[in-house]
Amino acid sequence: MVVVSEYESDPRVRRQAEALAARGDEVTVVALNAPGKPAVDTLDGVRVVHLPTRKYRGSSAAAYLSLYGSFGARAAAWLARRPRAFDVVQAHSMPEALVFAGAVQRLVGVPLLLDVHDLTSKLFASKFAGRPRLMAAVRMSERAALRFANEVITVHEPYADRLRARTRRPVTVVMNCPDERVFVARDEPRWWDPAGEVVFSYHGLIAARHGLVGAVQALAGVRERLPGARLQVRGSGDGLDELRTRVADLGLTGHVDLPDRLYPVTEIAAELDRVHIGLVPSVLDVWTDDVLPTKLLEYAALGIPVITFRNPVIERYFPEDSVRYVDPASPQNLRLAMLELGRDPARAAARAKRASEVMRQLRWSQQKRIYFGVIDRLAGRPVAQPAGRHRA
């Protein structure tokens, strides 16, 4: 696998890699440099190669392109020295063009799988609007990558429909469902006394489009009615400095728990064990209008009530009575929703129970069988046979 991400904190990549390793496959992941980690590491049975390239999150298109180009070139050189070492090479977007790192493998007949987490064109349209030449180049790169791969997988059906319109390659949905071994459902929703502490939560990418500034503005209003309300934030991103400043300006420093380090996927479930209500407060734009946030699925899997923005994909999977929609996720709407659930644990619990029912149909144990089928088909293995050792 090749991914422009820190492997340790990337839930989809880890979930897939560890599932393959657990069934006996030999898995190598080529990923970004991770502070404090060796150049080559083994984590839960997965060999992780950290290339000397660091993550970038910010507002510079040139810096993003430099990151993608630098990592892609290093990954391509690493793979080129091992032309037949692997039975399948899987590239994780973004960017889709990372699949070209396996060009040497493609030439010698090793199949390439492109895993589209998110479309690069959606990110660039959200962050760098008004740059038509850049957008044309990004879209051309996407189309070329989709045609270069032998097969494509993606995270939900609306994305799959979009990709099928751009390529004749097979496109399979492997949803971003939480691993139930890690995100263990609570027997009962965690109760709270509205007169005491009520802990709201956000975890994941901290960026302007994900609405954290609006969430802390809402929290300031919520605390006028629920003095014990506080917010726990876990994650990283270029919006953290702005968020920290806004928390201080609102006098919420003692009531908003901000991250001081990067949390591995394996620690997130434990961090969420102490929260009462999850927040998915993204601003609806070209990037967020067709995403199905992993954090939403994780809250629902754990039995944590969720307040979420609304888009057509979320609505497709979560009915009105399973989450508290805010449409749009403005500070005022968030404040009203946070007060509504924060003051009524029974209502919150009813929504959490309904969301848990939804998640019974969205289990990783089911999705990984679909994923195994794609890998085995590409590797030339009989899909119905038990897996032996092969290299992915």
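Note that the structure is a prediction, hence the values are computed from the model and not measured.

Rules of the game
- Residues numbered from 1 in each chain as written.
- Predicted model: local features only at pLDDT ≥ 70, side-chain atom pairs only at ≥ 80, totals over all residues.
- Heavy atoms only, no water.
- Helix = DSSP H or I, 4+ residues; strand = E, 2+ residues; numbered from the N terminus.
- Contact = heavy atoms within 4.5 Å.
- Buried < 20%, exposed > 50% of the residue type's maximum accessible area, 1.4 Å probe, protein only.
- Patch = residues over 30% accessible without salt bridge, like charges linked within 9 Å, V, L, I, M, F, W, Y side chains within 5 Å.
- Areas by Shrake-Rupley, 256 points an atom, 1.4 Å probe, with all protein chains shown as cover.
- Salt bridge = Lys/Arg side-chain N within 4 Å of Asp/Glu carboxyl O.
- Lys, Arg positive; Asp, Glu negative; His and termini not counted.
- Charge placed at Lys NZ, Arg CZ, Asp CG, Glu CD.
- pLDDT = per-residue confidence, 0-100.
- Pairing = 2+ DSSP bridges.
- Right-handed = clockwise from strand over helix to strand, strands pointing away.

### Thoughts on the environment of Ile268
So, point 1. Looking at the element boundaries, Ile268 is found in helix H9 (residues 265–272).
So, point 2. For Ile268 and Val182, which are 86 residues apart along the polypeptide, the C-alpha to C-alpha distance reads 9.0 Å.
So, point 3. In this structure, Ile268 is in contact with Phe183, His203, Arg234 and Tyr263, ignoring residues within four places of it in sequence.

### Digging into helix H10 (residues 294–302)
So, point 1. Burial runs high along H10: 9 of the 9 residues are buried.
So, point 2. Regarding H10, the residues found buried are Thr294, Lys295, Leu296, Leu297, Glu298, Tyr299, Ala300, Ala301 and Leu302.
So, point 3. Positive backbone phi, approximately 85°, marks Gly303, located one or two places after H10.

### A look at a positive patch on the surface
So, point 1. On the surface, Arg139, Arg143, Arg147 and Arg168 cluster together to form a positively charged patch.
So, point 2. Within the secondary structure layout, Arg139 lies in helix H5 (residues 132–148).

### With respect to the pattern of salt bridges
So, point 1. Under the defined criterion, the tally for this structure stands at 28 salt bridges.
So, point 2. Here Arg12 and Asp115 are joined by a salt bridge, their closest N and O atoms 3.1 Å apart. In this pair, Arg12 is assigned in helix H1 (residues 11–22) and Asp115 in strand E6 (residues 112–116), connecting sequence segments 103 residues apart.
So, point 3. Judged by relative accessible area, which is 2%, Arg12 ranks as buried.
So, point 4. As a salt-bridge pair, Asp321 and Arg354 come within 3.5 Å of each other at their nearest N and O atoms. Residue Asp321 is located in the loop between helix H11 (312–317) and strand E14 (324–326), and its partner Arg354 is located in helix H13 (residues 345–359); the two are separated by 33 residues in the primary sequence.
So, point 5. The class of Asp321 is partly exposed, set by a relative accessible area of 42%.
So, point 6. Each of the salt bridges in this network shares a partner with another, and the network as a whole consists of Arg23, Asp25, Asp376 and Arg381.

### Details of the confidence of the model for the chain
So, point 1. Residues with a pLDDT of 70 or more make up 96% of the chain, whose mean pLDDT is 92.
So, point 2. In the predicted structure, residues 385–390 sits below a pLDDT of 50 and forms 18 contacts with residues beyond four places in sequence or in another chain.

### Details of the side chain of Lys295
So, point 1. Along the polypeptide, Lys295 turns up in helix H10.
So, point 2. Glu298 provides the closest opposite charge to the buried, unpaired Lys295, separated from it by 7.7 Å.
So, point 3. When near neighbours in sequence (up to four residues on either side) are disregarded, Lys295 contacts Tyr202, His203, Gly204, Leu279 and Val280.

### Focus: the pairing of strand E7 (residues 151–154)
Sheet faces and side chains relate simply in a regular strand, where the side chains alternate between the two faces.
So, point 1. Of the two faces of E7, the one lined by Glu151 and Ile153 and the one lined by Val152 and Thr154 are each fully buried.
So, point 2. Bridge count between E6 and E7: 4 bridges; the pairing is parallel. Across the sheet, Leu113 pairs through a bridge with Glu151, a residue of E7.
So, point 3. Two strands pair when backbone bridges link them, and E7 and strand E8 (residues 171–173) are joined in this way by 3 bridges, in the parallel orientation. Its bridge partner lying in E8, Ile153 is registered against Thr172.
So, point 4. After leaving E7, the chain enters helix H6 (residues 157–164) and then returns to the sheet as E8, a path that is right-handed.

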